[in-house]
Amino acid sequence: MLGSSSTLAQETGDAHSDGARHPNHVAFMVGAMTPLEETDHTSFAIGVDYERAIAERWGVGVGADFAYGDHDRSAVAALGAAFYATPQWKLATGPGGERVDKAKSDGTTKTSWYFLWFVSTGYAIHAGETTITPLLIVDFVGETKTNLTLGVSVGLGW
């Protein structure tokens, strides 16, 4: 994400000076996605995700992202679990699916779905309920394809 990726916000200020996170967080991502087998096909990517804190260092979430460009990938949806090594640094992983639309020579489109497993990391910069998070996402798609996404998410915790 999704891989997407989500980041729980850490509140700043007097109310949560102990580093407590918000129980809910939603984020929007922009970035660039490159299939590592076709490094000359980098595409613009956008995404959205939601994460729920389930323990001090753990969260679960769902996300989707879309890539726009001249390669076959069009959409990814995934579920994930996140571990917070620090209140800012997150590692996440989980299963998902990739929708691939391929143009055929007769002008029609063939749509296929593939299983994927994503791994991501991000480092959140907190400003109250808002986070700005540089991201690295790797999608392992099917048996042979790997997508690399570099992006930045902006999120809101509550």
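Every value quoted in this text rests on a predicted model; they were computed, and no experiment measured them. (Residues numbered from 1 in each chain as written. Predicted model: local features only at pLDDT ≥ 70, side-chain atom pairs only at ≥ 80, totals over all residues. Heavy atoms only, no water.)

1. As for the packing of aromatic side chains
Line of reasoning, step 1. One pass over the full model with this rule turns up two aromatic pairs.
Line of reasoning, step 2. An angle of 40° between the planes, with centres 6.2 Å apart, marks the rings of Y50 and W158 as tilted. With Y50 in strand 2 (residues 43-55) and W158 in the segment after strand 9 (145-157), the pair connects residues that are 108 residues apart, well separated along the chain.
Line of reasoning, step 3. By relative accessible area, which is 29% here, Y50 ends up partly exposed. (Phe/Tyr/Trp six-rings, centres within 6.5 Å; stacked < 30°, edge-to-face > 60°. Helix = DSSP H or I, 4+ residues; strand = E, 2+ residues; numbered from the N terminus. Buried < 20%, exposed > 50% of the residue type's maximum accessible area, 1.4 Å probe, protein only.)

2. Overview of the nonpolar core
Line of reasoning, step 1. With eight residues, the main nonpolar core is built from V76, A78, A82, Y84, A92, L116, F118 and V141.
Line of reasoning, step 2. Only strand 4 (73-84) and strand 6 (109-123) provide two or more residues apiece to this core.
Line of reasoning, step 3. If you tally residues by element for this core, the top one is strand 4, at four residues. (Core = buried A, V, L, I, M, F, W, Y, C linked by side-chain atoms within 4.5 Å.)

3. Looking at the confidence of the model for the protein
Line of reasoning, step 1. For the protein, the average pLDDT comes to 85, and 85% of its residues sit at 70 or higher.
Line of reasoning, step 2. In the predicted structure, residues 1-18 sits below a pLDDT of 50 and forms 74 contacts with residues beyond four places in sequence or in another chain. (pLDDT = per-residue confidence, 0-100. Contact = heavy atoms within 4.5 Å.)

4. Let's talk about a nonpolar patch on the surface
Line of reasoning, step 1. A cluster of nonpolar side chains, contributed by W89, L91, Y123, I125, I132, V152 and V154, occupies part of the molecular surface with about 610 Å² of accessible area.
Line of reasoning, step 2. For the nonpolar patch, the secondary-structure elements that each account for two or more residues are strand 5 (89-103) and strand 9.
Line of reasoning, step 3. Within the element layout of this structure, V152 appears in strand 9. (Patch = residues over 30% accessible without salt bridge, like charges linked within 9 Å, V, L, I, M, F, W, Y side chains within 5 Å. Areas by Shrake-Rupley, 256 points an atom, 1.4 Å probe, with all protein chains shown as cover. Salt bridge = Lys/Arg side-chain N within 4 Å of Asp/Glu carboxyl O.)

5. Quick look at the pairing of strand 5
Line of reasoning, step 1. Inspection of the sheet shows strand 5 paired to strand 6 by 15 bridges, in the antiparallel sense. Across the sheet, G97 pairs through a bridge with F115, a residue of strand 6.
Line of reasoning, step 2. The loop that links strand 5 with its antiparallel partner strand 6 comprises five residues; one of these, G107, has a positive phi angle of about 90°. (Pairing = 2+ DSSP bridges.)

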